[in-house]
Amino acid sequence: MRLTRYTDYSLRVLIHLALHEDRICSIGEISRTYDISQNHLMKVVNALAHDGFVETLRGRAGGMRLARAAKDITVGEVVRRTEDGFQLADCSGCALSPACGLTGVLQKGAQAMLAVFDSYTIADLLTDKATMLRLASGQSPIGIGA
């Protein structure tokens, strides 16, 4: 299974906001950090705000921040909100589907994948926060040079 770019961008936004939990972040900043179109990010951020993951602030000093603590947002919750479905194969048109065990195996696989995603929070993804902050600001991961 492959997650969509929309889910990828959603997770990146949440990771970025968790890294910078002490301040408001802008779409432009996140766009530059990940080299993602601002138009794409606006759609992603609007949906994240609608779903209660992000709080947006309008005005001159506006931007966004996490609406909940990073430890309270699971990867599984984000994936379920951003992906359309988890049908790994379309068995409905297959002549063998009434007698084939593949459908059940694929369903169990999707459930197992979601169970793993449910066991991790956005906070868990910040495995080396200091290095991630350096990388997000365009610095060397080892703190030397630019």
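Provided above is the structure to which this section pertains.
Residues numbered from 1 in each chain as written. Predicted model: local features only at pLDDT ≥ 70, side-chain atom pairs only at ≥ 80, totals over all residues. Heavy atoms only, no water.

Here helix 5 (residues 102–118) contains 17 residues, and its C-alpha end-to-end distance of 24 Å stays within 8% of the 24 Å for a straight helix at 1.5 Å per residue. Buried-residue contacts for helix 5 involve helix 4 (75–82). (Helix = DSSP H or I, 4+ residues; strand = E, 2+ residues; numbered from the N terminus. Expected span 1.5 Å × (residues − 1). Contact = heavy atoms within 4.5 Å.)

In terms of strand pairing, strand 1 (residues 54–57) meets strand 2 (residues 63–66) through four bridges, oriented antiparallel. Bridging across to strand 2, L57 finds its partner in G63. Between strand 1 and strand 2, which pair antiparallel and follow one another directly, the connecting turn spans five residues, one of which, G59, has a positive phi of 105 degrees. (Pairing = 2+ DSSP bridges.)

On the surface, M1, L3 and L88 cluster together into a nonpolar patch covering about 250 Å² of accessible area. Take M1: it is sitting in the segment before helix 1 (5–19). (Patch = residues over 30% accessible without salt bridge, like charges linked within 9 Å, V, L, I, M, F, W, Y side chains within 5 Å. Areas by Shrake-Rupley, 256 points an atom, 1.4 Å probe, with all protein chains shown as cover. Salt bridge = Lys/Arg side-chain N within 4 Å of Asp/Glu carboxyl O.)

Phi at D35 is positive, roughly 55 degrees, even though this residue is not glycine. For D35, the position within the fold is in the loop between helix 2 (27–34) and helix 3 (38–50).

For the largest pocket, the calculated volume is near 240 Å³. Forming the walls of the largest pocket are C25, S26, I27, M42, V45, N46, T56, L57, R58, G62, G63 and M64. With three residues, helix 3 is the largest single contributor of residues to the lining of the largest pocket. (1 Å grid on protein atoms, 1.4 Å probe; cavity = no way out; pocket = protein on both sides within 12 Å on 5 of 7 lines; lining within 4 Å. Points joined across faces, edges and corners; volume = space filled by probe spheres on them.)

In this section: helix 4. By the burial criterion, the buried members of helix 4 are V75, G76, V78, V79 and T82. What you see down the axis of helix 4 is that its buried residues fit within an arc of 160 degrees, all on one side. Along its buried surface, helix 4 packs onto helix 1 and helix 5. (Buried < 20%, exposed > 50% of the residue type's maximum accessible area, 1.4 Å probe, protein only. Arc of directions from axis to C-beta.)

Now for the packing of helix 1 against helix 4. If you want to describe how two helices pack, look at the angle between their axes and the distance between the axes. At a closest axis distance of 9 Å, the pairing of helix 1 and helix 4 adopts a crossing angle of 140 degrees. One element, helix 1, and the other, helix 4, form an angle in the oblique class. Note that helix 1 runs across helix 4; the crossing there is right-handed. Here Y6, T7, S10, L11 and L14 of helix 1 lie close against helix 4, whose contacting residues are V75, V78, V79 and T82. Among the residues making up the contact of helix 1 with helix 4, the classes are represented as six nonpolar, three polar and no charged. (Axes fitted to C-alpha atoms, helices over the stretch in contact; angles between N-to-C directions. Parallel < 35°, antiparallel > 145°, perpendicular 65-115°, else oblique. Left-handed = near helix turned anticlockwise from the far one by under 90°. Nonpolar A, V, L, I, M, F, W, Y, C, P; charged D, E, K, R; others polar.)

It is worth stressing that arrangement in space is one thing and function is another; only the former is reported here.
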